[in-house]
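So you can see what is in the structure, the chains are spelled out below.
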Amino acid sequence: MLDTSRTFETPEGVDLGLSIAGPIVRAQAWLIDLLIRAAIYIGLGMILNFLGDFGGGIWLIIIFLTEWFYPVIFEIFKNGATPGKKRMCIKVINDNGTPIHWSASIVRNLLRVVDFMPFGYAFGLCSILISRDFKRLGDLAASTLVVYEEPTASAPEIPTAEPAVPRQALTLEEQRAILEFSERSSRLSPERCKELAELLEVITAKQGPTAVEQLHRYANWLQGRS
Amino acid sequence: MDLDKIRVNVRPRTTAQAIDLGFVMARHWWRPLMLSWLMLALPMFILFHLIFYQMPWIAGLLVWLCKPLYEQAPLHVLSRALFSEKTSMKEIAKNLRSIAGKQMIANLTWRRLSLRRSFNAPVSQLEGLKGDARKKRINVLHGNKPSGGWLTFICVHLELVFYLSIFALISLFIPREIEVNAFELITGETFWIILLQDFIYLLAIAIVAPFYIAAGFSLYLHRRIELEAWDIELDFRKLNTRLNSQKRSSTNLAALFVVCSLLTVQLTDSTAMASENFLTTSDQTSPAPTKETAQQQIQEILKDEVFGQEETHKVWREIESDDQPEDIGDFDLDWLQKIAEAIAFIGEFILWVIIGALVLWIVYLYPKWTQWFGIKSITPRKKYRAPETLFGLDVRPESLPDDIGAEAWRLCQDNQMRAALSLLYRASLVTLMNQHKLEFHKGATEGECLKIVQQTQLQELGNYFYRLTVIWKAMAYGHQAPSLDDMQSLCEHWREHLGTKHEPAC
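Every value quoted in this text rests on a predicted model; they were computed, and no experiment measured them.

(A) Structural detail: the overall build of chain A. Helix and strand counts for chain A stand at eleven helices and four strands. Burial status across chain A gives 47% buried among its 226 residues. Here the analysis covers contacts within chain A between residues at least 6 apart in sequence; of these, 63% occur between residues at least 24 apart.

(B) Just the overall build of chain B, in detail. In terms of regular secondary structure, chain B is built from 20 helices and two strands. Within chain B, the fraction of its 506 residues that count as buried is 39%. Surface summary for chain B: the accessible area is close to 31,800 Å², and the carbon and sulfur share equals 60%.

(C) The arrangement of the packing of aromatic side chains in detail. The full count for this structure, using the stated rule, is 16 aromatic pairs over all chains. Aromatic side chains phenylalanine 23 of chain B and phenylalanine 211 of chain B sit 5.4 Å apart centroid to centroid with 25 degrees between the ring planes, which places their arrangement in the stacked category. In this pair, phenylalanine 23 of chain B sits in helix α1 (residues 15–28) while phenylalanine 211 of chain B sits in helix α11 (residues 191–228), placing the two residues 188 residues apart along the sequence. Here tyrosine 163 of chain B and phenylalanine 167 of chain B contribute two aromatic rings whose centre-to-centre distance is 5.1 Å and whose plane-to-plane angle is 85 degrees, an arrangement assigned as edge-to-face. Here tyrosine 163 of chain B pairs with phenylalanine 167 of chain B, and both are found in helix α9 (residues 149–173), just four residues apart, close to one helical turn. Here a set of aromatic residues connected by ring pairs shows up, and it is made of Trp30, Phe116, Phe119 and Tyr121 of chain A. Stacked on the ring of tyrosine 70 of chain A, the Lys or Arg arginine 37 of chain A has its end atom at 5.3 Å from the ring centre. Arginine 112 of chain B extends its terminal NZ or CZ atom over the ring of tryptophan 64 of chain B, reaching a point 4.3 Å from the ring centre.

(D) Representation of the pairing of strand β4 (residues 144–148) of chain A within the structure. All names here are of chain A. Summarising burial for β4: five of the five residues are buried, a large majority. Note that strand β3 (residues 90–94) and β4 share five bridges and pair antiparallel. Opposite valine 92, over in β4, you have valine 146 as the bridge partner.

(E) Highlighting the interface of chain B and chain A. With 64 residues of chain B in contact, the opposing surface of chain A contributes 59 residues. Considering only the surface of chain B that becomes buried against chain A, Asp20, Arg27 and Phe236 of chain B emerge as the three largest contributors, covering 13% of it. The tally of links between chain B and chain A comes to five salt bridges. Here chain B and chain A share 19 residue pairs in polar contact (both at pLDDT 80 or more) between them.

(F) Spatial organisation of the layout of surface pockets. Volume-wise, the second largest pocket comes out at about 940 Å³. Residue lining of the second largest pocket: 33 residues in total, with Trp30, Arg112, Phe116, Gly120 and Tyr121 of chain A positioned closest to the centre. Contributions of two or more residues to the lining of the second largest pocket are made by α1 (23–48), α2 (52–77), α4 (102–110), α5 (112–116) and α6 (122–130) of chain A together with α9 of chain B. The biggest single contributor to the lining of the second largest pocket is α1 of chain A, with eight residues. Partitioning the lining of the second largest pocket into residue classes produces 20 nonpolar, five polar and eight charged.

(G) View of the confidence of the model for chain A. Considering every residue of chain A, the mean pLDDT works out to 90; 100% of them sit at 70 or more. Taking the mean pLDDT of every element in chain A, the minimum, 83, falls on helix α10 (residues 201–204) of chain A and the maximum, 95, on α6 of chain A.

(H) Just the packing of helix α2 (residues 30–51) of chain B against α11 of chain B, in detail. Residue and element names in this part refer to chain B. At their nearest, the axes of α2 and α11 sit 10 Å apart, and the two run at 155 degrees to each other. The orientation of α2 with respect to α11, classified from their angle, is roughly antiparallel. The hand of the α2/α11 crossing is right-handed. Between α2 and α11, the contacting residues are Trp30, Leu33, Met34, Trp37, Ala41, Leu42, Phe45 and His49 on the first element and Phe191, Leu195, Asp198, Phe199, Leu202, Ile205, Ala206, Ala209, Pro210, Phe211 and Ile213 on the second. Tallied by class, the residues present in the contact of α2 with α11 amount to 17 nonpolar, one polar and one charged.

(I) Looking closely at helix α8 (residues 172–184) of chain A. Look at α8 of chain A: 18 Å from first C-alpha to last across 13 residues, which is about the 18 Å you get at 1.5 Å a residue. Buried within α8 of chain A are the following residues: Glu174, Ala177, Ile178, Leu179, Phe181, Ser182, Glu183 and Arg184 of chain A.

(J) Inspection of α11 of chain B at higher detail. All names here are of chain B. Compared with an ideal rise of 1.5 Å per residue, which puts 38 residues at 56 Å, α11 spans 53 Å between its outermost C-alpha atoms and is within 8% of the ideal. Along its length, α11 reaches its greatest deviation from straightness, about 35 degrees, at valine 208, and the proline proline 210 lies no more than four positions downstream. Across the 38 residues that make up α11, a large majority, 30, are buried. Phi turns positive, to about 50 degrees, at alanine 229, one or two residues after α11.

(K) Examining the pattern of salt bridges more closely. Residue and element names in this part refer to chain A. In total, this model carries 28 salt bridges over all chains according to the counting rule given. Its salt-bridge partner being lysine 91, residue glutamate 149 comes within 3.5 Å of it at the nearest N-O pair. Here lysine 91 lies in strand β3 and glutamate 149 lies in the loop between β4 and α8, a separation of 58 residues in the sequence. Overall, glutamate 149 belongs to the partly exposed group, its relative accessible area being 28%.

(L) Representation of unusual backbone geometry in the model. Residues and elements named next belong to chain A. Of the consecutive residues methionine 117 and proline 118, the connecting peptide bond is found in the cis state with omega at -15 degrees. When you line up the elements, proline 118 lands in the loop between α5 and α6. Even without a glycine there, the phi angle at cysteine 89 is positive, about 60 degrees. Among the secondary structure elements, cysteine 89 is positioned in the loop between α3 (83–87) and β3. Positive phi is not limited to glycine here, since phenylalanine 134 has a value of about 50 degrees.

(M) Examining a nonpolar patch on the surface more closely. Together, Phe345, Ile346, Phe349, Ile350, Val353, Ile354, Leu358, Trp361, Ile362 and Tyr364 of chain B give the surface a local cluster of nonpolar side chains, amounting to about 1,100 Å² of exposed area. By the secondary structure assignment, tyrosine 364 of chain B is in helix α15 (residues 334–372).

(N) View of the environment of methionine 417 of chain B. All names here are of chain B. The residue methionine 417 is located in helix α17 (residues 417–434) in this model. Residue methionine 417 is classed as buried on the basis of its relative accessible area, which comes to 10%. Each C-alpha atom of the pair methionine 417 and methionine 475 lies 8.5 Å from the other, and the pair is 58 residues apart in sequence. When sequence neighbours within four positions are dropped, the list of residues in contact with methionine 417 reads Cys412, Met475, Pro482, Leu484 and Met487.

(O) Spotlight on the pairing of β3 of chain A. With five of five residues buried, β3 of chain A is to be regarded as a mostly interior element. By the alternation rule, side chains of β3 of chain A split into Ile90, Val92 and Asn94 of chain A and Lys91 and Ile93 of chain A, which are all buried.

(P) Up close: the environment of leucine 141 of chain B. All names here are of chain B. Among the structural elements, leucine 141 can be located in helix α8 (residues 131–142). Residue leucine 141 is classed as buried on the basis of its relative accessible area of 0%. In sequence terms leucine 141 and leucine 219 are 78 residues apart; their C-alpha atoms lie 9.8 Å from each other. Once residues lying within four places of it in the same chain are set aside, the contact partners of leucine 141 are Phe119, Val123, Tyr220, Arg223, Arg224 and Leu227.

(Q) Looking closely at the packing of α2 of chain B against helix α5 (residues 89–100) of chain B. Residue and element names in this part refer to chain B. Between α2 and α5, the shortest axis-to-axis distance is 11 Å and the interhelical angle comes to 55 degrees. It follows that α2 is oblique to α5 by the angle criterion. Both α2 and α5 take part in a crossing whose hand is right-handed. For the pair α2 and α5, contact is made by Pro32, Leu35, Ser36, Met39 and Leu40 and by Met89, Ile92, Ala93, Leu96 and Ala100, respectively. Of the residues belonging to the contact of α2 with α5, the class tally is nine nonpolar, one polar and no charged.

Criteria and thresholds
- Residues numbered from 1 in each chain as written.
- Chains lettered and ligands numbered in written order.
- Predicted model: local features only at pLDDT ≥ 70, side-chain atom pairs only at ≥ 80, totals over all residues.
- Heavy atoms only, no water.
- Helix = DSSP H or I, 4+ residues; strand = E, 2+ residues; numbered from the N terminus.
- Buried < 20%, exposed > 50% of the residue type's maximum accessible area, 1.4 Å probe, protein only.
- Contact = heavy atoms within 4.5 Å.
- Areas by Shrake-Rupley, 256 points an atom, 1.4 Å probe, with all protein chains shown as cover.
- Phe/Tyr/Trp six-rings, centres within 6.5 Å; stacked < 30°, edge-to-face > 60°.
- Lys NZ or Arg CZ within 6 Å of the ring centre and 35° of its normal.
- Pairing = 2+ DSSP bridges.
- Buried area = accessible area lost by both parts, 1.4 Å probe.
- Salt bridge = Lys/Arg side-chain N within 4 Å of Asp/Glu carboxyl O.
- Polar contact = N/O pair within 3.5 Å; in protein donor to acceptor, adjacent residues only side chain to side chain.
- 1 Å grid on protein atoms, 1.4 Å probe; cavity = no way out; pocket = protein on both sides within 12 Å on 5 of 7 lines; lining within 4 Å.
- Points joined across faces, edges and corners; volume = space filled by probe spheres on them.
- Nonpolar A, V, L, I, M, F, W, Y, C, P; charged D, E, K, R; others polar.
- pLDDT = per-residue confidence, 0-100.
- Axes fitted to C-alpha atoms, helices over the stretch in contact; angles between N-to-C directions.
- Parallel < 35°, antiparallel > 145°, perpendicular 65-115°, else oblique.
- Left-handed = near helix turned anticlockwise from the far one by under 90°.
- Expected span 1.5 Å × (residues − 1).
- Bend = angle between axes of the 7 residues up to and from the residue.
- Patch = residues over 30% accessible without salt bridge, like charges linked within 9 Å, V, L, I, M, F, W, Y side chains within 5 Å.

Shown next as structure tokens:
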């Protein structure tokens, strides 16, 4: 099965599933960061211009520091995400799932120079396209990953119906599937809902719209309504 | 289309994650995708350059224009590979005309510049829709959040990045001895240089193409999974099979036969709708209203207060002024200039101070850095402090009498063997620690002390200390009193080995 997610097992035995971010969303994040930095440089340049050569010097120092440490600072103090990454809902973590720290962040950002070669992050792109976890060279060196930060979704409403107990015992996964069906049924066409519900005739022993209704009743029971 | 054979993990994703899945798919089926792409792209590249060898720029333009054509065959391969069907390149080559020729004119003209090309391609190619039906279907698929534009935007730039990178790489590898201006490779206008440029362009788009096609297809899949709940269908089918197999095992053979035959009939029935081909437009909702009723509804809705508001916009417009610009020469801005200069001067001074501080800081941190980088430490080791007690004996120099040997012998004659031996041993340790600078750590045992002493080069001292330790251990732990002779010799020789330099601290 092809997928973009990786599972990490914590010492407590909990499985953490993380989706790894690919080149397109990372390019978008990079673009946003680039625009932010450019805006800062232009704004500061206009102000510092009043201070003559001294201003120019300060300006260059600021550019130097920002170019090298902008991602590092944000990755350390802002939970692994520069503003661009934050906007695209991605963040950097160590590849064992722990938050990123100084050394890894510095390594992965210093290696941008190598990733950039020979022009416009071409080496980094090749590395991302080839490597299993979308890692650029800096990520490989620092053992880091860029993953999605998925917002915790609130459980959608399910259509209310009189709760009913399924005739057979269901595994956790199957219970989840029925709940999922109920939650998403409002976004599916009625025909498709019917088609799906009829697949489960084994439990519902019903056909047509009543089968859908029956599944909603199971879902209500599974959700603990009484 | 048989959902059970699908090769990707079917679950709801975000748009960005769907694109990522496309990249994973492209990586997995890279070879067939690449080959089927090149099957058309390479011959057409050569053909264009043969025909337009006098105007090679037209050839390059045509190579770019025909990109949608090359993308049809890989899409075909991918859509089959997704459901575990293999497509041989021979098959593709045979059917190339029917695969790539679909809706060619539309693809090469008004749809060519569409930013959602790779998303929309499956609708026309795999579902075979045209005209209005296609437009409707695309609207349904895109829903209220059209996707695919960013994908194309970024991919175009990736192509550009690869294009320029290949030039940069070439120029990096041209030896300095060869007088070739690498810049001319990009700007040159002779046939061969343009051919090289076009070929590099072909390489660049070839690198990106499989990923672009697969990502677009994955976006399309993502929307279908969302709209048609493929994941739920898969789960339900699994549940169905499990329950049926349970039933099977609990009934007898005859019943099994009946159930099985029923089941197959039922399954084939329920999957028939989904498995006909890619076109299962079951996500169209209630019958569309007629034109008149729709108009009426629209009018009713527009009557609402929310619509039809008046808004006032204020804009700046230039008006001609006949006033002369005010003379602002009176303002003396010199003071501002002076302040700026003063700030600059102070700032420069502060900068130098900061640099000085940085240098000092580096010098101060140097020893630490050498440690971080694994260079052998040059900081002195932690100072050793002699312990005050060893295995319960007080080993401070102050606690000893002046003449150890004599004192011990006196104790022997008093028949206080234990006290005498203890004194000797204790004094030896004190001397070894203070005069010979041996380092006994706090929890050392007699045996460890002995080892340390024997490691020194002093042979005789070692022997003496060995005898003393053996007798002391026998006395202390074994309660075996030594003979008087032994004691006498120990007492007499004490000064010889350990006492010569002994000067009590107090």
